[in-house]
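# Fold and contact review
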Amino acid sequence: MNKNLFVCRGGMRVSHPIFGELNITYPFAILYIKNNNLTLKWNFIFIRREFPLRFNEIIGVKIRKGIISIGIEFVHNNKQLPHLIIFWTRRYDEIFNILGRKGIKKMQ
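Here is what the cut-offs are and how they apply
- Residues numbered from 1 in each chain as written.
- Predicted model: local features only at pLDDT ≥ 70, side-chain atom pairs only at ≥ 80, totals over all residues.
- Heavy atoms only, no water.
- Pairing = 2+ DSSP bridges.
- Helix = DSSP H or I, 4+ residues; strand = E, 2+ residues; numbered from the N terminus.
- Salt bridge = Lys/Arg side-chain N within 4 Å of Asp/Glu carboxyl O.
- Buried < 20%, exposed > 50% of the residue type's maximum accessible area, 1.4 Å probe, protein only.

### Quick word on the pairing of strand β4 (residues 47–54)
Looking at chain direction, strand β3 (residues 37–44) and β4 are connected through eight bridges and run antiparallel. Looking at the pairing, phenylalanine 44 lines up with isoleucine 47 of β4. Here β3 hands over to β4 after two residues, with isoleucine 45 in that stretch at a positive phi of 50°.

Written as structure tokens, this is what we have:
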């Protein structure tokens, strides 16, 4: 069983082939961290998407600073997902610590 170790609400930004980038604001995005993977989901009116990433697909994570928020960019090699995935949250330190214990490096 791969139960949730950590759940956090936030916002998201992902790259999109037509629109450039799509943003979903807090609280419509959720990050689920499990034993061997994580899933980012957004649920906003009629838009529902899931972005599953196994830890071995994550090259590293970067801190991203917005105008009023801080986010985590997931640098990954999963060609099925958007190349840019950012999760906006105030709990970024907790997330960095959990991912670090899973062997995921913080990048500059």
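Now that the structure is up, let's keep going.
### Brief notes about the pattern of salt bridges
Enumeration according to the criterion identifies five salt bridges in this entry. Taking the shortest distance from any N to any O, the salt bridge between arginine 13 and glutamate 21 comes out at 3.5 Å. Note on arginine 13: relative accessible area 24%, which makes it partly exposed. Glutamate 21 gets classed as partly exposed once you look at its relative accessible area, which sits at 41%. Note that glutamate 73 and arginine 64 form a salt bridge whose closest N and O atoms lie 2.6 Å from each other. According to the relative accessible area criterion, glutamate 73 is buried, its value standing at 11%.

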